[in-house]
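Single-letter residue listing:
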Amino acid sequence: PRFSPPHQAVGLAFGFCKKESRQPCHRPRFLLNYLSLTAHIKEVSSLAKRCQVCGKDAAVGNLVSHSNIKTKRRFLPNLQKVRALVNGHPQRIVACTRCLRSGRVTRAI
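Residues numbered from 1 in each chain as written. Predicted model: local features only at pLDDT ≥ 70, side-chain atom pairs only at ≥ 80, totals over all residues. Heavy atoms only, no water.

### Section: the pattern of salt bridges
Scanning the model with the defined rule gives one salt bridge in all. Put simply, D57 and R50 hold a salt bridge, and the shortest N to O gap is 2.9 Å. A residue is classified by how much of its surface remains accessible, and D57, at 35% relative accessible area, is partly exposed. (Salt bridge = Lys/Arg side-chain N within 4 Å of Asp/Glu carboxyl O. Buried < 20%, exposed > 50% of the residue type's maximum accessible area, 1.4 Å probe, protein only.)

Encoded structure:
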């Protein structure tokens, strides 16, 4: 044909939205892989930004400049990966330093 679709001109391979349905998808395959990867990253990062002992997570506040211009910022907790005893078995958890200092976490040796 004289005019080819844009995905053929660029050389993008189109995939399937759902494997069980086998219906052609309107998204390119690299975008589907990127979306599934970012969904996995968001699950992992949301787990890592929260203390698994007390549940402390990021707080939102303002960054105030010298001219009193306010922009949003995040206050992240000081989280550490430690091996701790969970139900008598050593397990790697993410805990804030306040929980570590106060003795809420028993470290596994």
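### Quick word on the nonpolar core
Residues C51, L79, V82, A84, I93, V94, A95, C96, C99 and V105 constitute the largest nonpolar core, which totals ten residues. Within the residue set of this core, elements represented by two or more residues are β5 (79-86) and β6 (89-96). Take this core: its biggest share by element is four residues, from β6. If we skip the residues at most four places from it in the chain, C96 touches C51, C54, N78 and L79. (Core = buried A, V, L, I, M, F, W, Y, C linked by side-chain atoms within 4.5 Å. Helix = DSSP H or I, 4+ residues; strand = E, 2+ residues; numbered from the N terminus. Contact = heavy atoms within 4.5 Å.)

### Structural notes on the environment of R104
Mapped onto the secondary structure, R104 falls in the segment after α3 (97-102). The sequence separation of R104 and V53 amounts to 51 residues, and the corresponding C-alpha distance is 7.7 Å. Ignoring sequence-local partners within four residues, the contact set of R104 consists of V53, C54 and C99.

These results come straight from atomic positions and should not be treated as a statement about function.
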